[in-house]
Amino acid sequence: MAIGVVGLGYVGLPLVVAFAEAGEEVIAVDVDQRKVDSLIAGVSYIEDIPSEQLSAVLDKIHATTHYSPLARTEAIIVCVPTPLNDNREPDLGPLEASAEALSHVVQEGQLVVLESTTYPGTTRELLVPAIERNSSLKVGENLNVAFSPERVDPGRTDYTLHNTPKVIGGITEACTERAAELYGRVCEHIQRVSTPEAAEMTKLLENIFRSVNIALMNELAILSERMGIDIWEVVDAASTKPYGFMRFEPGPGMGGHCLPVDPFYLTWRAREFQMSTEFIELAGKINQQMPYYCVERIEHALNDVTKPIKGSKIAILGVAYKGGIGDIRESPALRIIDVLRKRGAALVYHDPFVPELPKQGLESTDLAEALEGADAVVLVTAHPDIDHHEIARNAALFVDLRGITRGSTGENLVRL
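Below or above, wherever it landed, is the structure these notes cover. Quick caveat: nothing in here was measured; it's all calculated off a predicted structure.

### Thoughts on the sheet that holds strand E6 (residues 144-147)
And step 1. Taking strand neighbours across the sheet as the criterion, the 8 strands line up as E3-E2-E1-E4-E5-E6-E7-E8 in an open arrangement whose pairing is mixed. Each edge of the open sheet carries a strand with a single partner, namely strand E3 (61-64) and strand E8 (190-192). For this sheet, the mean inter-axis angle between neighbouring strands, taken without regard to orientation, is 25°.
And step 2. Relative to strand E4 (residues 73-78), strand E1 (residues 2-6) runs parallel, the two sharing 5 bridges. Note on E4: the bridge partner recorded for Ala 2 is Thr 73.
And step 3. Here helix H5 (residues 122-132) sits on the sheet and contacts strand E5 (111-114) and E6; the angle it forms with E6, its principal contact strand, is near 150°.

See below:
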């Protein structure tokens, strides 16, 4: 028997490799032929999984675009995307398509686990009926289903799949135990909860907690700027309190696959229960507006040196959503770039992790070339091994949106 993983992105591929390293045969499925071909060739497209690590267990992995091989697995883990549509509402199309395909291949006694982030009730109300639809199997009787939220922080090495506690909630207690046994092969600690809904809500709470606190810091950053107070000095001072305070920092906006998306899954679901989650929605609104506020700060900084945005060379440092990785999903840098270009800026960017931005028609420029003659250098994402302090000292105008230069002073230096 093998382990099946559906969806080979930032969540699925690490699972594939982890189970293969544990000695399990893995059936890896994705509708993207390019990912399948890359896997077959032993070439990783995920930074957290080096190609060498993937190649070392390639004999344990069967990658395919077809669902039929999943019929011979003991468990199937679903890690397909759950994005938002243009109206900021849940787009469960990929999950629905995957569930439909699974309904034709699931076998008696199998375990199906959903890891894709979604609203409470998805596992029980969408996944279960969908996979039962084309089979004679009944979840809780001869088929097991559970939800276990992914906890992946790209680029992080101190907490990985192995040592990050795994939350599991099954349709029945037996389903939970089956899932706990499965993940126990690759995870050190299992945290059982009573239902899939509790597990689904756990994931949303984790990310909404961060979203709300980041929004608070962003709002305070805007207020502090108007009051002539250095928000970074305030954050550093508050962080010395040994109790009752947890450090969060302002920034140009939230990026990645979780924080800009997950809160809206809960706010959408809450409306079905005649409740408006105003606190959560306000946090999302504040965070979504930060790229626009950052453009205003750039505009005002240029204005102070008698230069307009139109025609000015602006060098963007870092376009990934966080430092040390090449992930640009929901990156605030993309919105900042789009707005600056619409206002006529002559834009270049440097990011050693992101060689090109196809949708923007831009390629990463050599650092020295990007900085040469720049009217403003804007630090959006602080990557390691770049001396931002040296750049700030030599730039005609340096706009720091990440607080890297806090504690420094200079007429050419502007901080969020």
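Don't stop here, the text continues.
### Structural notes on the nonpolar core
Where a protein is soluble and globular, its nonpolar side chains tend to be buried together.
And step 1. With 42 residues, the main nonpolar core has Leu 70, Val 78, Leu 102, Val 112 and Ile 131 as its most contacted residues.
And step 2. Sequence-distant contacts of Val 112, that is, excluding residues within four places in its chain, are made with Ile 76, Val 78, Leu 102, Val 106, Leu 127, Ile 131, Asn 144, Val 145 and Ala 146.
And step 3. One finds Val 295, Ala 320, Leu 334 and Leu 340 within the second-largest nonpolar core, a separate group that totals 41 residues.

### Description of unusual backbone geometry
Leave glycine aside and you will find that most residues have negative phi; peptide bonds, for their part, are mostly trans.
And step 1. A positive phi angle, close to 60°, is found at Arg 88, a residue other than glycine.
And step 2. As for its placement among the helices and strands, Arg 88 is situated in the loop between E4 and helix H4 (93-102).
And step 3. For Arg 88, a relative accessible area of 29% puts it in the partly exposed group.
And step 4. The phi dihedral of Thr 306 is positive, around 60°, even though this residue is not glycine.
And step 5. Within the fold, Thr 306 resides in the loop between helix H10 (278-304) and strand E9 (313-317).
And step 6. The exposed category is assigned to Thr 306, whose relative accessible area is 72%.

### Examining the pairing of E4
And step 1. Along E4, 6 of the 6 residues are buried, which leaves the element largely enclosed by surrounding structure.
And step 2. Taken together, the 4 bridges between E4 and E5 define a ladder with parallel strand orientation. Its bridge partner lying in E5, Ala 75 is registered against Leu 111.

### Notes on the environment of His 389
And step 1. Along the chain, His 389 falls in helix H13 (residues 388-394).
And step 2. Considered as a pair, His 389 and Ser 312 are 77 residues apart in the sequence and their alpha carbons are 22 Å apart.
And step 3. Beyond its immediate sequence surroundings of up to four residues, His 389 is in contact with Ile 404, Thr 405 and Ser 408.
And step 4. A distance of 3.4 Å separates the side chain of His 389 from the backbone oxygen of Ile 404, its partner in a polar contact.

### A closer look at the environment of Val 57
And step 1. Looking at the element boundaries, Val 57 is found in the loop between helix H3 (51-56) and E3.
And step 2. Separated by 38 residues in sequence, Val 57 and Phe 19 place their C-alpha atoms 9.6 Å apart.
And step 3. Ignoring any residue separated from it by four or fewer positions in sequence, one finds Val 57 in contact with Val 17, Ala 20 and Glu 21.

### Examining the pattern of salt bridges
And step 1. Under the defined criterion, the tally for this structure stands at 25 salt bridges.
And step 2. When the shortest N-O distance is used, the salt bridge between Glu 181 and Arg 185 registers 2.9 Å.
And step 3. Given a relative accessible area of 43%, Glu 181 falls into the partly exposed group.
And step 4. Judged by its relative accessible area of 26%, Arg 185 falls in the partly exposed class.

Here is what the cut-offs are and how they apply
Residues numbered from 1 in each chain as written. Predicted model: local features only at pLDDT ≥ 70, side-chain atom pairs only at ≥ 80, totals over all residues. Heavy atoms only, no water. Pairing = 2+ DSSP bridges. Helix = DSSP H or I, 4+ residues; strand = E, 2+ residues; numbered from the N terminus. Axes fitted to C-alpha atoms, helices over the stretch in contact; angles between N-to-C directions. Contact = heavy atoms within 4.5 Å. Core = buried A, V, L, I, M, F, W, Y, C linked by side-chain atoms within 4.5 Å. Buried < 20%, exposed > 50% of the residue type's maximum accessible area, 1.4 Å probe, protein only. Polar contact = N/O pair within 3.5 Å; in protein donor to acceptor, adjacent residues only side chain to side chain. Salt bridge = Lys/Arg side-chain N within 4 Å of Asp/Glu carboxyl O.

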